[in-house]
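Residue-level structural notes
Here is what each chain is made of, one letter per residue.
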Amino acid sequence: MTTDPTSIPAIPAAASDVAAIGADVGRRLAALRLARPLVHNITNYVAMDLSANVLLAIGASPAMVHAIEEVEEFVAFSGALVINIGTLSAPWIDAMVAAAAAARRKGIPWVLDPVGAGATTLRDRAVARLMAEKPTVVRGNASEILAVAGAAGAAAKGVDSGNSSDEARAAAVALARASGAVVVVTGAVDVITDGTRLVALADGDPLMTRVTATGCALSAVVAAFLAGPSDAFAAAVAAVAVYGVAGRLAAFDADGGPATFRTAFVDRLARIGAEEVAFAVTVVP
Ligand SMILES: Nc1ncnc2c1ncn2[C@@H]1O[C@H](COP(=O)(O)OP(=O)(O)OP(=O)(O)O)[C@@H](O)[C@H]1O
Ligand SMILES: Cc1ncsc1CCO
Ligand SMILES: [Mg+2]
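Residues numbered from 1 in each chain as written. Chains lettered and ligands numbered in written order. Predicted model: local features only at pLDDT ≥ 70, side-chain atom pairs only at ≥ 80, totals over all residues. Heavy atoms only, no water.

Note the cut-off: UniProt positions are given in the numbering used here, feature names are shortened, and annotations may be inferred rather than shown by experiment.
Per an unreviewed UniProt entry, the protein goes by Hydroxyethylthiazole kinase and derives from Siculibacillus lacustris. Reading the Cofactor (unreviewed entry) entry of the UniProt record for the protein gives the comment "Mg(2+)".

Some details on the pairing of strand β8 (residues 198-201)
Our working rule: Only protein chains enter the calculation, and the probe is 1.4 Å; a residue is then buried if its accessible area is under 20% of its type maximum, exposed if over 50%, and partly exposed in between. Only DSSP runs of H or I covering at least 4 residues are called helices, and only runs of E covering at least 2 are called strands; the numbering of each starts at the N terminus. Strand pairing is defined by DSSP finding a minimum of two bridges between the two strands.
Taking every second residue as pointing to the same face, both faces of β8 are buried, with Leu-198 and Ala-200 on one and Val-199 and Leu-201 on the other. Connecting the antiparallel pair strand β7 (residues 190-193) and β8 is a turn made up of 4 residues, with Gly-195 showing a positive phi of about 95°. Of the pairings in the sheet, the one linking β8 to strand β9 (residues 283-284) comprises 2 bridges and is antiparallel in character. Bridging across to β9, Leu-201 finds its partner in Val-283.

Structural notes on the pattern of salt bridges
Rules: Here a salt bridge means any side-chain nitrogen of Lys or Arg lying within 4 Å of a carboxyl oxygen belonging to Asp or Glu.
Scanning the model with the defined rule gives 12 salt bridges in all. With a shortest N-O distance of 2.8 Å, Arg-28 and Asp-24 are connected by a salt bridge. Placement of both Arg-28 and Asp-24 in helix α2 (residues 18-35) is noted, with a separation of 4 residues, approximately one turn of the helix. Note that Arg-105 and Glu-72 form a salt bridge whose closest N and O atoms lie 3.4 Å from each other. With a gap of 33 residues between them, Arg-105 in helix α5 (residues 90-106) and Glu-72 in helix α4 (residues 71-76) connect regions that are remote in the sequence. On the basis of relative accessible area, Arg-105 is assigned to the exposed category, the value being 58%. The partly exposed category is assigned to Glu-72, whose relative accessible area is 37%. Connected through salt bridges with shared partners, the residues Asp-24, Arg-27 and Arg-28 form a single ionic network.

Put into structure tokens, the structure is as follows:
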């Protein structure tokens, strides 16, 4: 599956404009903190702690709920759902599909994080079943997005990416067009596309790759920004902008080590304001 990214119509000037993104982020961040949306997480054992703490820091209300006997009931009163296939097993896949189907039926936005897509048949089959339930957003690293898009060249090392987001840009656009989902590819540059519009942001810090589950926690933050009526593309841009700027600022607070960075990052997410995001967000062509 290949699509020339240069064939995407130019995004509206306003959407690529730093000031416009900053203003939009401010509005969305304030609304999120006011609404404190319940975010239903079906996520992996590694990511549960960081995802829950990151959601609390940004102002959402996290719940980690994965038993098949309760996911349909739970998602029905949640603001958004995130499904992350990081530590997969057969009973979990059935619960994930049931939750995704319920979210779809009820019009509740949901995010798919296809951790390790392409690595094993179990993962690829799970991704196919989940994609059939129409995620609102798919967020993955470059190797994962290449794999989900069925594109050549994915070079993952387990759950870590072996590709840059530039290599996955065309696949992300093609995946968005084919699936109807907004696609977010993370890396040194984060790319957000709905197949028509595309924004690339270059915030974050390389230390984020030395703390496990920072990508998983971003998927949860995207879900928090999707809660309530919203343009999924703009909500995803706002989530990625806030997260990336918090990461960049946290690197100044930390002493260079991943463990202090993790703490500083959660603190930055709790304190971050619209002005900082508008001032610091880095939009790239
Ligand atoms: N080289 C880099 N420089 C700056 N920020 C980065 C870099 N690589 C990744 N990031 C940031 O780290 C976060 C996680 O992205 P990443 O692509 O590592 O996700 P992931 O591989 O799914 O992570 P995980 O599976 O551990 O949750 C994103 O916010 C992204 O912007
Ligand atoms: C390390 C790891 N293994 C399965 S999921 C996960 C968290 C990062 O994706
Ligand atoms: Mg990941």
